[in-house]
Amino acid sequence: MAPSLALDGGSDDYRLTPPPPPVTGRFPSVYSQVQNTRIFHALPLPSVLKTPFNIVDVPQSSAAGSPDEIAKLFPNLFGQPSAMLVPSGSDTVQYDQKLKIGVVLSGGQAPGGHNVISGIFDYLQDRAKGSTLYGFRGGPAGIMKCKYVELTSDYIYPYRNQGGFDMIRSGRDKIETPEQFKQAEESVNKLDLDGLVVIGGDDSNTNACLLAEYFRSKNVKTHVIGCPKTIDGDLKCKEVPTSFGFDTACKIYAEMIGNVMTDARSTGKYYHFVRLMGRAASHITLECALQTHPNITIIGEEVAAKKLTLKNVTDYIVDIISKRAEANYNYGVILIPEGLIDFIPEVQHLISELNEILAHDTVDEGGLWKKKLADQSLKLFELLPRTIQEQLLLERDPHGNVQVAKIETEKMFIQMVEAELEKREQEGTYKGGFKGQSHFFGYEGRCGLPTNFDSTYCYALGYGAGALLQSGKTGLISSVGNLGAPVEEWTVGGTALTSLMDVERRHGKFKPVIKKAMVELEEAPFKKFASLRDEWALTNCYISPGPIQFTGPGSDAISHTLLLELGLQA
């Protein structure tokens, strides 16, 4: 029994009347009242998706960097135009065409992923009746092993507007060897897929582009569309204003930071060092700072631009702590991005050398591998606390990167700050009491109930992906824009994935990758932060946003970062 649709107040929004729960998966009977309410939350669509539309090509694309190399790697896709949906007086899409579409969740979780799948499903129900949607289980490995489940109304129903990726689960496997591409080809042929939607971050969407290129080169009929997912916020460009999950995750972290701020002020004796997710970019840390007003915030991109050393960063923190002590404030909150250690030039050089060494050798107990380090890098390595040394040598992630989530940067800075304060105390330049508390806010933000913004944005991304596939597009990433306007005025289209790409050195080799969007020091979000941080440092301007709201004041607010980037907030 499929959910029945009930029109809400004569609008085009709908509620879902619950069917029996699926045999496997979630069971609404054990949901909280809030979860149950969210299942019935109406999801408006951009107007262009509710009327007949055409898909028009926009100017041909190049690449974010190294266009000649990208052209060689993607001879069948490079330079193809992006696409835009525009209202049409009559339908140009073949609605009687029955499609078979696959969808996969790839990489780390992000709030809203289930709504992307719901959007794809509903598009097929509305515009391609009789179509079939398959979900590949466990991420890209599910494609290679052809592990899938047919996604029906009953199966999808309990996951609408819910957090997590547990509808079909995710994975971090990559399709990269000739054998793996062949396995993917066999799987899509077995299911006779017309299209495949890859929901993921920059690496996953790079993989989507590689699949689209491979399928086209082999005359496989399956078209591939990506969707922008990452709480880190580093998958975005002019056409893709934000990645889904960023809005929700930042609001979850901001609530936790607000709680810590109240604790700091209540006890009056602790400095809370809070490390936040964001391996490659500091967007989460910057957004949380704009939402909560901490005393100290370190932005990795600024550290890199100013070529600051570990001692420089430590001294900056200690200087503010010392000034606050003069005002009898022996407490505070300090935000640190997860990937900070990778932004410090001297550490960056060390990590780069370690990556090269570990790509070809193993770390021997005798320490012979250290001879391959440059003198300056070896000296820095030996100065680091032993725990940090060990964390720097941990096995790399599937993409050849240091697992910065396992490097306890906040604890390292507590030790370094404590040592410097003791030194200044002996010199008579510091009088106060310092007690450091460490926190890492990580997975807590990845699977929360998506905000109204992420719920609606994801639904539009999925619905748009369905439209792109039905129109025969491939090698694009679903793009929804004009996000500062009412939902009805949002734009929908697809951006050529090759236009987002550059080449990067991984595992000792150059490979194509979507270029990460970093915090831009000349853009509005950082400038707003920089204009206020001195005031936040010495006075307590703490803001406690509280839990995410789904109705009433603040429920439809979008992130400070997006508002500022759209020029909608001074």
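Residues numbered from 1 in each chain as written. Predicted model: local features only at pLDDT ≥ 70, side-chain atom pairs only at ≥ 80, totals over all residues. Heavy atoms only, no water.

Asker: Can you help me understand the overall build of the chain in this one?
Answerer: Counting its regular elements, the chain contains 18 helices and 17 strands. Against the compact-globule benchmark of 25 Å for 570 residues, the chain has a radius of gyration of 25 Å, which places it among compact chains. Principal axes of the C-alpha set define a box for the chain whose edges measure 80 × 55 × 45 Å. For the chain, the residues scored as buried account for 56% of the 570 residues in total. Counting only contacts in the chain whose residues sit at least 6 apart along the sequence, the fraction spanning at least 24 positions is 79%. Of the roughly 23,400 Å² of accessible surface on the chain, a fraction of 50% belongs to carbon and sulfur atoms. (Helix = DSSP H or I, 4+ residues; strand = E, 2+ residues; numbered from the N terminus. Rg over C-alpha atoms; globule rule 2.2 N^0.38 Å. Buried < 20%, exposed > 50% of the residue type's maximum accessible area, 1.4 Å probe, protein only. Contact = heavy atoms within 4.5 Å. Areas by Shrake-Rupley, 256 points an atom, 1.4 Å probe, with all protein chains shown as cover.)

Asker: Please clarify how the sheet that holds strand β5 (residues 100-105) should be interpreted in this entry.
Answerer: Backbone-to-backbone hydrogen bonds join strands into a sheet, with any given pair of strands oriented parallel or antiparallel. The strand order across the open sheet built from nine strands is β3-β4-β15-β14-β9-β8-β5-β6-β7, with neighbouring strands paired in mixed fashion. This sheet does not close on itself; its edge strands, each paired only once, are β3 (53-60) and β7 (148-150). Taking each pair of neighbouring strands and ignoring which way they run, the sheet shows an average axis angle of 25°. In this sheet, strand β15 (residues 491-496) lies alongside strand β4 (residues 81-87) in antiparallel orientation, the contact comprising two bridges. Across the sheet, residue Ala83 finds its bridge partner in β15, namely Gly494. (Pairing = 2+ DSSP bridges. Axes fitted to C-alpha atoms, helices over the stretch in contact; angles between N-to-C directions.)

Asker: For this particular structure, what's the right way to read helix α17 (residues 524-538)?
Answerer: Since the α-helix turns once every 3.6 residues, residues separated by three or four places project in the same direction. Most pronounced at Leu532, the bend in α17 amounts to some 40°. Considered for burial, the residues of α17 that qualify are Pro525, Phe526, Phe529, Arg533, Trp536 and Ala537. Of the surrounding secondary structure, the elements contacted by the buried residues of α17 are α9 (283-292), β11 (296-297), α10 (300-305), α11 (310-326) and α18 (560-565). (Bend = angle between axes of the 7 residues up to and from the residue.)

Asker: Help me out: how do you make sense of the packing of α11 against helix α15 (residues 409-427) in this one?
Answerer: Geometry of a packed helix pair, given as the angle between the helix axes and the separation of the axes. With their axes 9 Å apart at the nearest point, α11 and α15 run at an angle of 60° to one another. The handedness of the crossing between α11 and α15 comes out as right-handed. Taken together, the residues of α15 that come into contact with α11 (itself represented by Leu310, Lys311, Val313, Thr314, Asp315, Ile317, Val318, Asp319, Ile321 and Ser322) are Met412, Phe413, Met416, Val417, Glu420, Leu421 and Arg424. Looking at the contact of α11 with α15 residue by residue, the classes come out as ten nonpolar, two polar and five charged. (Left-handed = near helix turned anticlockwise from the far one by under 90°. Nonpolar A, V, L, I, M, F, W, Y, C, P; charged D, E, K, R; others polar.)

Asker: Honestly, the pattern of salt bridges in this entry has me stumped. Any pointers?
Answerer: Between side chains of opposite charge, a pair can form when the charged atoms approach closely. Throughout the structure, instances matching the rule amount to 22 salt bridges. In this structure, Lys306 and Glu302 form a salt bridge, with 2.9 Å as the shortest nitrogen-oxygen distance. Under the relative-accessibility criterion, Glu302 is labelled buried at 9%. The salt bridge involving Glu408 is made with Lys411; its shortest N-O contact spans 3.4 Å. Classification of Glu408 by relative accessible area gives partly exposed; the value is 27%. Sharing partners across several salt bridges, the network here consists of Lys311, Asp315, Asp319, Glu420 and Arg424. (Salt bridge = Lys/Arg side-chain N within 4 Å of Asp/Glu carboxyl O.)

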